[in-house]
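Architecture at a glance
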Amino acid sequence: MSDLLTPGNQLTEEAGEEQRPARGGLARYLASKLAGALTSLLLVVLLGFFLFRMLPGDPVQTMTAGREVTAEQIAELRERLGLSDPLWRQFLDYLGGLLQGDFGDSFRYGRPVGDIILERLGPTILLAGTATVLAILLGLWLGVRSAWRHGSRFDRTATGVALTLWSVPTFWLGLIVLMVFAVGVGPLPGLFPTGGIRSIDPPPGLLPQVLDVAHHLVLPCLTMVAVIFAQYQMVMRSSLLEEMGSDYLTTARAKGLREDLVRRRHAVPNALLPSVTLIFLHLGLVVSGAIMVETVFSWPGLGYLMVNALEYPDLPLMQGTFIVLAGTVIVMNVLADVVYRFLDPRVRAA
Amino acid sequence: MSMRKWAVGVAAGMLAVTTAPAVAPLGAPQADAQDDTGDRTVLRLGVTQSIDTLNPFEAIMASSTELMRLTYESLTMPSAEDMTPTGALAESWDTSDDDLTWTYTIRDDITWSDGEPVTADDIAFTFNLMMDDPDARTANGSYVSTFESVEAPDPTTLVITTTEPQATMLSLDVPIVPEHIWSQVDEIAGYGNDTMPVVGNGPFLITEYRAEEFVRLEANPDYWRGPAEIDELQFRFYRNSDAAVQALRKGEVDLINRLTPAQFDALSGEDDIEVNQAQGRRFYMLSVNAGAATADGDPLGNGHPALQDIAVRQAIARALDRDVLVDRVLGGYGEPGTGYVPPIFADLHWQPEDDQAWNFDPGAANAQLDSAGYERGPDGIRVTEDGDRLSFRLYGRSDRNADTQAGQFVRDWLAEIGIEVDLEIMSGNRMNELQKAGEFDIALSSWAVNPDPNYVLSIQTCDQRPSAAGTGGTTESFFCHEEFDELHAQQLAEFDRETRTELIHQMQRVIHEQSATIMLYYENALEAYRSDRFTDFGYQPADSGVIREQLGYWGYYGATPATNPNASASGTSTGLLLSGGAAVVIIAVAAGWFVTRRRRASADDRE
């Protein structure tokens, strides 16, 4: 799809001067990508506002359900949350706020949505980021090994294990991990905390505190890696398999290169391209992917916040998280396109 | 090729990231000091509901209101024994002859945690703030809706004037805040009240708060009833109850509640864990749309007309086997439903005479429908005289597990008496919307009742039906009955507890007979705690009550530590040693693997 937006006149530029046109093309390429991204973001804002208001449910009803409130109180609350204004008015207020970087106040927490999201973003990035990096490395490594010796016992085992973990429900796996490694089973003592991001009485000093957080990170991270690494492994495996019969590999071998070198220097770099695209697309989804793990291990991140917001429905909070999540996906897509261009000379030349 | 270097770099990074957590247990002896509480006795709660805010005027969630009750003393407090009103800030009270003026005598020996005295001015300030500022009414506004004025003529006298007689004046569940702090707050809405330590006067004071992680409270040394036996109270937040159960088994927390029957059964046999099956304040019912209408009497919604016939509603009430519901839906942890006010309020609870009760009797239900003229059609489903089939929509909430199960039982039982039920489980939001609009036939519903049941009774009065515009009103299911309304008005103005109790009994009788609200069951509150760390708590009510989520602070205030409260922490050091050992092994293996990899890589390079 990236090729479609690249200006066609590039084709007419002189061959042999590869560098210059590529640079000029890059600026144009970037500009078109950014314009696309901005349009998407605008649509997200629009969609976020109107879509969530079409959901059934009245936040005021939920806030007052089961509580001893008078009818006057309900009306007052509706007025205060700005829900009694006409829809177009609410939308203009919302847009006005957004332009000033104000996402509005959460119905439930009564605090600015931006503050709440920022507060929760750190833990989520720590958990989901660490887990994703580990899953990518593990997945790619296993994928390369499997493909190179496809059909072998290693390949069958690795693929089997990966696919099994991939299909296991995250929540269930998380609870098993929690029971085995946090509480302990039989002779195995509980090695890790059952939840949270740090001890309530953290040890003094920076390093012990970092280690304390790391100690809490192990189980959620392990669970998340176990569930997601399969996708990287499978893509890497299949794209490397496609390269396996290529002539250039035969040439490399004919030069007398060792199998290891043929694989690492020739086959893998070529097979890496689809994986890179996948990685960047997944980076955008990392935050939402952590919801289940955060719930099992009581991780104070963004995932749980979103689930709660949906139940309410806490409209400003939902719009805020929606924009943040969609924004990440959009940014990562642009990055994927750009990185792809650097990795694959064919995209540059096209 | 640069690709290789890149790969090596990433591998190194990966190693760094994987080993960091593995090393962690080595540094953890201090980290786990939380379990080795030293000389301080700490009660650690595993809390599964998050809290919204520490602002007592805005706090709605159950855990937040509980925190506020611990921090701020209220005027009066439901007693630990039987939840009848007892003195707190007020030591005595008196009413005028017209029952409109209440005079409270305020204790003069209470101070705020910053040393300022607590006076009637603080109380007057709190109520006046709620009366003047809509933002301050968010959480507890209903309590001041009939207030005309609140004044403090002197530091130990508080005078409240109401616009109509109000029998609930000893059940004002409103946290009283210090005037010298809160008069400085510009805007109540959104104020976090998180300047630590929070100035309060309750048995525990909030000293630290991390959103979604924990709240730390320390016992108030100057608490007017005397300091609590424990030194510290921690609310630790868990996002799912299974994790909280595991934390209790491990000994990371001391007390958890809101257990499911399965969790409760599983914990019952465990060493060092004691379970508490307490009477709950919650009842479950079928809300029947017996003719939804506005307050002016104009029909609303699309309820099935046959449900306006009391014979049909009573037949439904007779067709339900409540013992089976308690057994199968609650795992036996509950009681079959009878009167509208749950039996936890022993004196207010009403039960029909045995011959009046809706005992499970499909034969009698069928006979009643037969004699009322509903004949069975060819498919076995009864029809009205106009030929409408008795086919009802039954709605339940997806976020309440019991609804699906109970709904299926109800559907099967009603099929026995020739009534077809279309069970639909939906989001709570959607259900609120439909119920509000009168677009339902029967709804599974539930309420938690406060020691003063006035509010749950009021939602069954005609006045609470919505206005012609479809707004306002807090009706449960559009119930409207003349006798009930008269009784409701009488009890609200009746100050003699015995007479009022009798009136409330009569109201429950009407609800029972009319069967527009069909009681299903009362759910037990299920809790569990570490008996190796704590031996006793302050239960409310005393003989069969809960520890957590009381209407008061008795549970934690009365917590008695075991003589050797650190018993459970002893296992931790072994665990730490082992986990440290495991970490060393992991690091060694990882390092070895990495080194061999490096060697092979450099060998490759040389070739």
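- In the nomenclature of an unreviewed UniProt entry, chain B corresponds to Peptide/nickel transport system substrate-binding protein from the organism Actinoalloteichus caeruleus DSM 43889.
- Within the UniProt record for chain B, the comment given under Subcellular location (unreviewed entry) is "Cell envelope".

- Under an unreviewed UniProt entry, the name given to chain A is Peptide/nickel transport system permease protein, and the source organism is Actinoalloteichus caeruleus DSM 43889.
- The UniProt entry for chain A carries this comment under Sequence similarities (unreviewed entry): "Belongs to the binding-protein-dependent transport system permease family."
- Check the Subcellular location (unreviewed entry) section of the UniProt entry for chain A; it says "Cell membrane".

1. Topic: the sheet that holds strand β6 (residues 147-154) of chain B
All names here are of chain B.
- Spatial strand order, β4-β5-β7-β6: 4 strands in an open sheet with antiparallel pairing. In the strand order of this sheet, the two ends are held by β4 (90-95) and β6, each with one partner. In this sheet, adjacent strand axes meet at a mean angle of 20 degrees when their direction is disregarded.
- Where β6 lies against strand β7 (residues 157-162), 5 bridges are found, and the strand directions are antiparallel.

2. Things to note about the sheet that holds strand β18 (residues 420-426) of chain B
Residue and element names in this part refer to chain B.
- The sheet built from 6 strands is open, its strands ordered β14-β20-β13-β19-β17-β18 with mixed pairing. Looking at the sheet topology across the chains shown, the edges are occupied by β14 (334-336) and β18. On average, each strand axis in the sheet is inclined to that of its neighbour by 25 degrees, with strand direction left out of account.
- Packing against the sheet, helix α7 (residues 310-318) makes contact with β13 (282-288), β17 (391-397), β19 (442-448) and β20 (517-523), and its axis sits at approximately 25 degrees to β20.
- Seen against the sheet, helix α11 (residues 428-436) touches β13, β17, β18 and β19 and runs at an angle of roughly 135 degrees to β17.

3. A word on the nonpolar core
- Judged by nonpolar contacts, the single largest core of 72 residues is most densely connected at B:Leu43, B:Leu75, B:Tyr104, B:Phe127, B:Leu158, B:Leu233 and B:Phe235.
- Every residue in contact with B:Leu158, bar those within four places of it in the chain, is listed here: B:Leu75, B:Trp102, B:Thr103, B:Tyr104, B:Ile106, B:Ala120, B:Ile123, B:Ala124, B:Val150 and B:Glu151.

4. Observations regarding the UniProt feature "transmembrane region" (unreviewed entry) in chain A
Residues and elements named next belong to chain A.
- The UniProt feature table records "transmembrane region" (unreviewed entry) at residues 30-52, 121-142, 163-185, 213-232, 271-297 and 317-340.
- Taken end to end, residues 30-52 comprises 100% helix and 0% strand; its first and last C-alpha atoms sit 32 Å apart.
- Secondary structure over residues 163-185 splits into 83% helix and 0% strand, and the C-alpha atoms at its two ends are 26 Å apart.

5. A few points about the packing of helix α6 (residues 113-148) of chain A against helix α13 (residues 302-311) of chain A
All names here are of chain A.
- The contact between α6 and α13 brings their axes to 8 Å, and the two run at 135 degrees. Compared by their axis directions, α6 and α13 come out oblique. When α6 is examined against α13, the residues Ile116, Ile117, Arg120, Leu121 and Thr124 are found in contact with a partner set consisting of Leu302, Gly303 and Leu305.
- When its residues are assigned to classes, the contact of α6 with α13 shows 5 nonpolar, 2 polar and 1 charged.

6. Quick look at the confidence of the model for chain B
All names here are of chain B.
- Per-residue pLDDT for chain B has a mean of 84; in total, 86% of the residues score no lower than 70.
- A low-confidence stretch, residues 6-37 (pLDDT under 50), is modelled with 61 contacts involving residues beyond four sequence positions or located in other chains.
- Low pLDDT, under 50, characterises residues 601-607; the stretch is placed with 8 contacts to residues that sit more than four places away or in other chains.
- In the predicted complex, the global pTM is 0.81; the interface-specific ipTM is 0.81.

7. What to know about the pattern of salt bridges
- Across all of its chains, the model carries 36 salt bridges over all chains by this definition.
- Between B:Asp399 and B:Arg397 there is a salt bridge whose closest N-O contact spans 3.0 Å.
- When its relative accessible area of 52% is taken as the criterion, B:Asp399 is described as exposed.
- One network of salt bridges, with partners in common, ties together A:Arg111, A:Glu119, A:Arg120, B:Glu212 and B:Arg239.

8. Points about the domain arrangement of chain B
All names here are of chain B.
- What the domain assignment lists for chain B is domain 1 (3-10 + 73-182), domain 2 (24-51 + 194-274 + 526-579) and domain 3 (283-523).
- Computed over C-alpha atoms, the centres of domain 2 and domain 3 are 39 Å apart.
- Of the roughly 470 Å² buried between domain 2 and domain 3, counting both surfaces, carbon and sulfur atoms make up 75%.
- Contact with domain 3 buries surface across domain 2, with Pro261, Pro541 and Leu551 losing the most and accounting together for 64% of the total.
- Viewed at the interface, domain 3 and domain 2 are joined by 0 salt bridges.
- Of the residues that constitute the side of domain 2 that touches domain 3, the class distribution is 5 nonpolar, no polar and 1 charged.

9. With respect to helix α5 (residues 241-250) of chain B
- Those residues of α5(B) that sit buried are B:Ala243, B:Ala244, B:Val245, B:Gln246, B:Ala247 and B:Leu248.
- Buried positions along α5(B) lie against α8 (170-183) and α12 (291-296) of chain A together with β11 (255-256), α6 (261-268), β12 (273-278) and β21 (525-530) of chain B.
- With a side-chain oxygen positioned 3.2 Å from the backbone nitrogen of B:Asp242, the residue opening α5(B) is B:Asn240.
- Of the residues trailing α5(B), B:Gly251 is marked for its positive phi of about 95 degrees.

Cut-offs and rules
Residues numbered from 1 in each chain as written. Chains lettered and ligands numbered in written order. Predicted model: local features only at pLDDT ≥ 70, side-chain atom pairs only at ≥ 80, totals over all residues. Heavy atoms only, no water. UniProt positions renumbered as here; feature names shortened; annotations may be inferred. Pairing = 2+ DSSP bridges. Helix = DSSP H or I, 4+ residues; strand = E, 2+ residues; numbered from the N terminus. Axes fitted to C-alpha atoms, helices over the stretch in contact; angles between N-to-C directions. Contact = heavy atoms within 4.5 Å. Core = buried A, V, L, I, M, F, W, Y, C linked by side-chain atoms within 4.5 Å. Buried < 20%, exposed > 50% of the residue type's maximum accessible area, 1.4 Å probe, protein only. Parallel < 35°, antiparallel > 145°, perpendicular 65-115°, else oblique. Nonpolar A, V, L, I, M, F, W, Y, C, P; charged D, E, K, R; others polar. pLDDT = per-residue confidence, 0-100. Salt bridge = Lys/Arg side-chain N within 4 Å of Asp/Glu carboxyl O. Domains from an automatic or database assignment. Buried area = accessible area lost by both parts, 1.4 Å probe. Polar contact = N/O pair within 3.5 Å; in protein donor to acceptor, adjacent residues only side chain to side chain.

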